[in-house]
Amino acid sequence: MALYTMKEILKDAQAKHYGVGYFNAVNMEMTRAYIAAAEACQSPIIIGTAEALLPYGAFEWLIPMMLEQARRAKVPVAVHLDHTYRFEVLMQALRAGFGSVMYDGSRLPDHRDNVRASAEIVKIAHAMGVGVECELGSVGGLSDESGKADAVIYTEPKDALAFVEQTGADFLAVSIGTQHGVYRATPKLDIPRLRAIRGAVDVPLVLHGGSGLSDDDFHNTIAGGISKINVYTDVILAAKRAVLNHPEADYVDLNRFAEDAMRKATLKKLRLFGSAGMA
Ligand code: 13P
């Protein structure tokens, strides 16, 4: 199948009110698990990597492999770059062939810096036909190089339209109570806030921190206007459990057990998001 862009995939999701999963991968097995899950339920899917994951898999070999698997898939697959902060990494991503990228300026201390830097990336990426996801507010839970996790700052609906207009962002990541990683307490999502943001802007909305949420959370956020849901922790925890359950296995078999567990965990999410059968 021809390669899809995130824009094409999310356009359909937005029109038909279902969610599309985004999953981070650092190797062939993870990529294969995600695409196999999508093919098993006839779902579109978005896969990619992130700046923080680059030590595990450099663009030079990871992205050609992902693009090749995406092209061979029997369902629409888009290759996207998740949370990226540095200008030079974003420029390398454009050369590597991502169909879309996320510039995350949400950690910058001044909102105006987020607007300025996001607009700069959007201008360059658009000139190369690449869509850009930006974040307003801050989802939190991601740790920096010193291991310090960032704080949660809720997205203000009143700022959303100006942010999208000033930056030219194609997709908006919103902060409504989710966090990256494992939740220490049950998350309480602010659905009225999400609905207000949805009412203010037309671009597809993205929910980060999709691991550890309840079925109701997915139902409510998709009904409230979310089109893309990012998941990572739940998938790698499924792989970890599979590895721990097979202490006798050698490295090659462990890879297989882990891949199978990741495929099943992904399939579960795709069914919950309502994207099964939409390919
Ligand atoms: P989780 O690891 O919490 O699923 O979050 C994934 C994510 O939002 C990646 O951008």
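Calculation rules
Residues numbered from 1 in each chain as written. Predicted model: local features only at pLDDT ≥ 70, side-chain atom pairs only at ≥ 80, totals over all residues. Heavy atoms only, no water. Helix = DSSP H or I, 4+ residues; strand = E, 2+ residues; numbered from the N terminus. Buried < 20%, exposed > 50% of the residue type's maximum accessible area, 1.4 Å probe, protein only. Axes fitted to C-alpha atoms, helices over the stretch in contact; angles between N-to-C directions. Parallel < 35°, antiparallel > 145°, perpendicular 65-115°, else oblique. Left-handed = near helix turned anticlockwise from the far one by under 90°. Contact = heavy atoms within 4.5 Å. Nonpolar A, V, L, I, M, F, W, Y, C, P; charged D, E, K, R; others polar.

Of note, the phi angle at His 17 is positive, near 60°, even though the residue is not glycine. As for its position among the elements, His 17 is in the loop between α1 (6-16) and β1 (20-24). Residue His 17 is classed as exposed on the basis of its relative accessible area, which comes to 64%. The phi torsion at Gln 42 lies on the positive side, around 55°, for a residue other than glycine. Within the secondary structure layout, Gln 42 lies in the loop between α2 (28-40) and β2 (45-50). The partly exposed category is assigned to Gln 42, whose relative accessible area is 38%.

So, about the packing of helix α4 (residues 87-96) against helix α5 (residues 111-127). As a packed pair, α4 and α5 sit with axes 11 Å apart at the nearest point and diverge in direction by 15°. Between α4 and α5, the interaxial angle falls into the category roughly parallel. When the axes of α4 and α5 are compared, the crossing they make is right-handed. Residue-level inspection shows Phe 87, Leu 90, Met 91 and Leu 94 of α4 in contact with α5, the latter providing Glu 120, Ile 121, Ile 124 and Ala 125. Here the residues of the contact of α4 with α5 sort into seven nonpolar, no polar and one charged.

Another aspect to go through is the packing of helix α3 (residues 59-72) against α4. In contact at an axis separation of 10 Å, α3 and α4 are set at 40° when each is read in the N-to-C sense. Judged by the inter-axis angle, α3 sits oblique to α4. Where α3 crosses over α4, the two elements pack in a sense that is right-handed. Residues Phe 59, Ile 63 and Leu 67 of α3 form the contact with α4, whose own contacting residues are Val 89, Gln 92, Ala 93 and Ala 96. Among the residues forming the contact of α3 with α4, the class breakdown is six nonpolar, one polar and no charged.

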